[in-house]
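Next come the chains, spelled out residue by residue.
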Amino acid sequence: MATSGVLSAANPLSSPSHPGIATQTDAALSAAGGGAAKGQELRVGREIIGATTKEAPSLKSPTIEKSLVVQKNARWYHGGVASAMACCFTHPFDLVKVQLQTQQDGKLKIIPLTSSIVRQHGFVALYNGISASLLRQLTYSTARFGVYEALRPKDSSQSFSFLMKCATAGAAGGIGGLIGAPADLINVRMQNDSKLPVEARRNYKNAVEGLVRVSRQEGVAALWKGSSMVVSRAILMTIGQLAFYDQVKHLLLASGLFGDNVPTHLFASSIAVRCCLPSCRITTELRHDSTAVVLFRPVRRPR
């Protein structure tokens, strides 16, 4: 009977974290016999329970909790891949934006222009230039997110002021814009091609062919035509997306009126992105016209 009590007490589940086990063991040992033998068995059983409890790690110990946590570290290329995936859904809106910005009379609005494109060229026409858009995101976005991650402090405990965020984001955006300028040029031209006269259309089959044809027909330097505005837009866009976005979101959460949810992120993004709209318009005006020599051609509305 003593052996039975010892084996029962040696069970790893016999610990204070499992209520009732020690009580059941005491009851079993008490029923096993009486007198000195019963007391001896009771003491031995309690000693084994205590030793087992000290040796066996608790389910709430830091070691086990740490092993159960899956480490998910962001990589420098995640931003570019995510941007490329997103442009598969947002490309039609970007195409309509480019054609709105390049129309001279300013008569058409978003819905009429979209209907006109679908009616004349089909729904697939909304995805004209998707290859160039993907190439742009994989070069421009990957570069700027990668540079930003490389320049920002690795230790989250280090101070990183708002001005430092702006400077770091601006540098990352400038480098990314310079790298992605050729793909951006082809992207704008392919998106705007359908509204040109048939004899003036470039008819690039894809982004790679566009890069090759521009290099052969206009020179390699033409791939960076209007790149100063592309870089300025990239700087403002990156500062808005990273520095201003983080700051606006921080202020919204600190106010106590907003929670950390999707509407808050969308609201912060809508405020941050407004800082890059002027340079975006000028860049589009420059890049769709290979003969443009002015920075901005104002829209003239009919009287």
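Each remark here, short or long, concerns the structure printed above.
Residues numbered from 1 in each chain as written. Predicted model: local features only at pLDDT ≥ 70, side-chain atom pairs only at ≥ 80, totals over all residues. Heavy atoms only, no water.

(A) Molecular detail of the packing of aromatic side chains. The tally for this structure, following the rule as stated, stands at three aromatic pairs. Seen from their ring centres, F258 and F267 are 6.0 Å apart, and the 10 degrees between their planes marks the pair as stacked. For F258, a relative accessible area of 33% translates into the label partly exposed. (Phe/Tyr/Trp six-rings, centres within 6.5 Å; stacked < 30°, edge-to-face > 60°. Buried < 20%, exposed > 50% of the residue type's maximum accessible area, 1.4 Å probe, protein only.)

(B) Inspection of empty space enclosed by the protein at higher detail. All chains considered together, the criterion is met by two cavities of 30 Å³ or more. One number sums up the size of the largest cavity: a volume of about 60 Å³. Considering each element in turn, the lining of the largest cavity owes the most residues, four residues, to helix α10 (residues 227-254). When the residues that make up the lining of the largest cavity are grouped by side-chain class, the tally is four nonpolar, two polar and three charged. (1 Å grid on protein atoms, 1.4 Å probe; cavity = no way out; pocket = protein on both sides within 12 Å on 5 of 7 lines; lining within 4 Å. Points joined across faces, edges and corners; volume = space filled by probe spheres on them. Helix = DSSP H or I, 4+ residues; strand = E, 2+ residues; numbered from the N terminus. Nonpolar A, V, L, I, M, F, W, Y, C, P; charged D, E, K, R; others polar.)

(C) Structural detail: the nonpolar core. If you look at the biggest cluster of nonpolar residues, it comprises ten residues: F145, V147, Y148, F160, C166, A169, A172, I239, L242 and A243. Every element with two or more residues in this core is listed here: α7 (130-151), α8 (162-192) and α10. Aside from chain neighbours lying at most four places away, what touches A243 is F162, K165, C166, A169 and T238. Counting residues in hydrophobic clusters, the runner-up holds nine residues, among them A132, M190, Y204 and L223. (Core = buried A, V, L, I, M, F, W, Y, C linked by side-chain atoms within 4.5 Å. Contact = heavy atoms within 4.5 Å.)

(D) Seen up close, the side chain of S83. As for its placement among the helices and strands, S83 is situated in helix α5 (residues 78-102). By relative accessible area, S83 is classed as buried at 16%.

(E) Examining unusual backbone geometry more closely. Positive phi is not limited to glycine here, since N203 has a value of about 55 degrees. By secondary structure assignment, the location of N203 is in the loop between α8 and α9 (207-218).

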